[in-house]
Amino acid sequence: GALSIVRENVEWLTPVSMVGKVQAAFPEVTAQQVYTVWSQMSQLYWRRDDLQLPSAAKLLAEYPEDVDVFSPVDVPDDVEILCWGMKKIAAPLKGKIFEVGLDATCK
C-alpha cells in the first residue's frame, strides 16, 4: 500500500516528490500523512541523538571530507550553536568573498 511506496522511496525522494507518487495510487492519502510517515521513516538515515544539536554534530562528523565544523569563540553560556560549512561550496569561493553570514534565532 501507501506505506510500501514511502518505505521503498524514503532514502531517495523528498516528501514533496513522494506525495504525487503516493496519491497517484492512493488519492485518499493526504500530503500531511505522507510527510508524517516519511519523517518517521527517514530518521534512520540522519538521526544520531535524541537532542537536535548533538544529533546534527554527530552526523556532520561522519563526513569530514565534505564538511568543516567550526568552533566559535566567545559564545554566551545560554546559547547553543553549531557552525559548519560545505567544502565543495566554500572552495570555489576562496579569495572571492570576504564574509558569509547566516543567522537563525528561535525561542
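Everything that follows concerns the structure shown earlier in this document.
Some points on the side chain of Ser55
Its place among the elements puts Ser55 in helix 4 (residues 52-61). A distance of 3.4 Å separates a polar atom in the side chain of Ser55 from the backbone nitrogen of Asp49. Each residue touching Ser55, except ones within four places of it in the same chain, is listed here: Trp46, Arg47, Arg48 and Asp49.

Observations concerning the layout of surface pockets
Over the atoms, a rolled probe matching the size of one water molecule traces out where space is still vacant. By volume, the second largest pocket is sized at about 340 Å³. If you trace the second largest pocket, you find it lined by Tyr45, Trp46, Gln52, Leu53, Ser55, Ala56, Leu59, Leu60, Tyr63, Leu82 and Trp84. Listed by contribution, the elements that provide at least two residues to the lining of the second largest pocket are helix 3 (31-46) and helix 4. In terms of residue count, helix 4 provides more of the lining of the second largest pocket than any other element does, six residues in total. Looking at the lining of the second largest pocket, its residues break down into nine nonpolar, two polar and no charged.

Overview of the packing of helix 1 (residues 2-9) against helix 3
Following both chains from N to C, one finds helix 1 and helix 3 inclined at 40°, their axes separated by 10 Å at the closest point. If you check the angle between helix 1 and helix 3, you find them oblique. For the pair helix 1 and helix 3, the crossing hand works out as right-handed. Contacts from Leu3, Val6 and Arg7 in helix 1 reach Val37, Trp38 and Met41 in helix 3.

Some thoughts on unusual backbone geometry
Most peptide bonds take the trans configuration, and most residues that are not glycine carry a negative phi. Here Asp74, not a glycine, exhibits a phi torsion of approximately 60°, which is positive. In this structure Asp74 comes out as exposed when scored by relative accessible area, which is 76%.

So, the pattern of salt bridges
Counted under the stated rule, the structure contains four salt bridges. Put simply, Glu62 and Arg48 hold a salt bridge, and the shortest N to O gap is 2.6 Å. Residue Glu62 is found in the loop between helix 4 and strand 1 (67-70), and its partner Arg48 is found in the loop between helix 3 and helix 4; the two are separated by 14 residues along the sequence. What makes Glu62 partly exposed here is its relative accessible area of 39%. For Arg48, a relative accessible area of 28% gives the class partly exposed. One salt bridge connects Asp49 with Lys58, and the closest N-O pair in it is separated by 2.7 Å.

What counts, and where the lines are drawn
- Residues numbered from 1 in each chain as written.
- Predicted model: local features only at pLDDT ≥ 70, side-chain atom pairs only at ≥ 80, totals over all residues.
- Heavy atoms only, no water.
- Helix = DSSP H or I, 4+ residues; strand = E, 2+ residues; numbered from the N terminus.
- Polar contact = N/O pair within 3.5 Å; in protein donor to acceptor, adjacent residues only side chain to side chain.
- Contact = heavy atoms within 4.5 Å.
- 1 Å grid on protein atoms, 1.4 Å probe; cavity = no way out; pocket = protein on both sides within 12 Å on 5 of 7 lines; lining within 4 Å.
- Points joined across faces, edges and corners; volume = space filled by probe spheres on them.
- Nonpolar A, V, L, I, M, F, W, Y, C, P; charged D, E, K, R; others polar.
- Axes fitted to C-alpha atoms, helices over the stretch in contact; angles between N-to-C directions.
- Parallel < 35°, antiparallel > 145°, perpendicular 65-115°, else oblique.
- Left-handed = near helix turned anticlockwise from the far one by under 90°.
- Buried < 20%, exposed > 50% of the residue type's maximum accessible area, 1.4 Å probe, protein only.
- Salt bridge = Lys/Arg side-chain N within 4 Å of Asp/Glu carboxyl O.

Structural measurements only, silent on function.
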